[in-house]
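# Structure assessment
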Amino acid sequence: MKKITGILLAGLLVLSLAACGSSPAETTEPAWQEAGETGKETATTYQFQCGEGEAQTVEDLLFAEDVTVSGDKGQITFVNCDFQGNVVLTADEGTQVVLEGSTVAGQCIFRNQTKEVTLDWSFPKFLVDTKVEAVCEDCIGAVLPMGEMELVFDGQTYTMADAALFVDLSDPEAGFVPYTGQQASYFCVVQWWEDGTKNVLVECEYDPNM
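Okay, so let's go over this structure. (Residues numbered from 1 in each chain as written. Predicted model: local features only at pLDDT ≥ 70, side-chain atom pairs only at ≥ 80, totals over all residues. Heavy atoms only, no water.)

Each helix and strand counted, the protein chain has 1 helix and 21 strands in total. In the protein chain, buried positions account for 50% of the 210 residues. Across the protein chain, the fraction of contacts at a sequence separation of at least 24, relative to all contacts at a separation of at least 6, is 43%. Surface summary for the protein chain: the accessible area is close to 9,800 Å², and the carbon and sulfur share equals 48%. (Helix = DSSP H or I, 4+ residues; strand = E, 2+ residues; numbered from the N terminus. Buried < 20%, exposed > 50% of the residue type's maximum accessible area, 1.4 Å probe, protein only. Contact = heavy atoms within 4.5 Å. Areas by Shrake-Rupley, 256 points an atom, 1.4 Å probe, with all protein chains shown as cover.)

In structure tokens form, the structure reads like this:
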């Protein structure tokens with residue numbers, strides 16, 4: 001039951017932090033060059049550091065090289081950005097990379113030093129509103145598609161129908177139940193190790209506020 005409660009709390013944390021992205025936020029150094037054919041400015045900054053409890057927003061940039069996001073327990077939202085390479089998240093705990101109206105030609109990559117945790121851990125996460133290919137490089141990580149869409153995680157394609165567990169957030173007392181096609185707002189794929197055993201879980205939740 002502790003594990004089930006942990007993933008529920010993680011889902012609630014995701015929703016609360018995602019809401020922070022809609023409020024006024026700090027923006028990392030907007031260094032750019034002249035606009036390209038897409039109408040977006042070409043970025044010259046490709047390293048972003050997240051501070052604990054801080055939210056950043058980066059908008060309307062074209063990234064011609066791989067982008068790296070580091071720092072624990074923060075959030076960065078890329079709005080209407082195009083990534084011609086990869087987006088690499090190196091945080092071990094809590095940091096969320098939100099891709100809103102953005103495209104990724106490469107991969108969303110987790111590259112951290114953590115493996116052994118439980119579901120009580122605040123996982124580093126990508127929140128995406130379009131299909132992406134995620135890679136978890138022998139470490140922990142979670143990806144949440146914001147809607148019903150496909151997600152490629154370590155070479156395997158997942159959809160909402162692949163979820164093993166379901167929870168209705170309008171009735172928190174009900175807890176998780178096996179997923180059998182209930183209405184869902186989003187799903188999550190999460191990877192971690194526990195007592196040396198690799199775990200990959202797909203779960204989905206219904207949030208009446210979404």
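Below, the discussion takes up the environment of Ser70. Relative to the helices and strands, Ser70 resides in strand β6 (residues 67-70). Considering only alpha carbons, one finds Ser70 and Leu89, 19 residues apart in sequence, at a separation of 6.2 Å. When sequence neighbours within four positions are dropped, the list of residues in contact with Ser70 reads Phe48, Gln49, Cys50 and Thr90.

Relative to the helices and strands, Asp138 is located in the loop between β14 (133-136) and β15 (141-145). Considered as a pair, Asp138 and Lys198 are 60 residues apart in the sequence and their alpha carbons are 9.5 Å apart. Contact partners of Asp138, with chain neighbours within four places excluded, come to Lys115 and Trp193.

Among the 9 residues in strand β20 (residues 186-194), 9 count as buried, and that is most of the element. When β15 meets β20, the two strands line up antiparallel, connected through 3 bridges. Bridge pairing in β20 places Val143 opposite Val189. Relative to strand β21 (residues 197-206), β20 runs antiparallel, the two sharing 9 bridges. The residue bridging Trp193 from the neighbouring strand is Lys198, located in β21. The hairpin turn running from β20 into β21, its antiparallel successor, is 2 residues long, and Asp195 in that turn takes a positive phi close to 55 degrees. (Pairing = 2+ DSSP bridges.)

The subject of this paragraph is the sheet that holds strand β17 (residues 156-158). In a beta sheet, neighbouring strands are held together by backbone hydrogen bonds and run either parallel or antiparallel to one another. Within the open sheet, the 7 strands sit side by side as β3-β6-β9-β12-β14-β16-β17. Their pairing is mixed. Single-partner strands in this sheet number two, and they are β3 (47-49) and β17. The sheet shows a mean angle of 20 degrees between the axes of neighbouring strands, taken without regard to direction. Bridge count between strand β16 (residues 151-153) and β17: 3 bridges; the pairing is antiparallel. Note on β17: the bridge partner recorded for Phe153 is Gln156. (Axes fitted to C-alpha atoms, helices over the stretch in contact; angles between N-to-C directions.)

As a further point, take the nonpolar core. Counting residues in hydrophobic clusters, the biggest one holds 39 residues, and the most contacted among them are Phe63, Phe78, Phe83, Val97 and Phe126. Judged by nonpolar contacts, the second largest core, of 17 residues, contains Leu119, Ala142, Leu169 and Tyr186. (Core = buried A, V, L, I, M, F, W, Y, C linked by side-chain atoms within 4.5 Å.)

Reading across the sheet, the 9 strands line up as β4-β7-β10-β13-β15-β20-β21-β18-β19 and stay open at both edges, with mixed pairing between neighbours. Of all strands in the sheet, those with a lone pairing partner are β4 (55-59) and β19 (177-178), marking the two edges. As defined by bridge partners, strand β7 (residues 75-79) adjoins strand β10 (residues 96-100) across 5 bridges and the pair is classed as parallel. The residue of β10 that forms the bridge with Thr77 is Val98.

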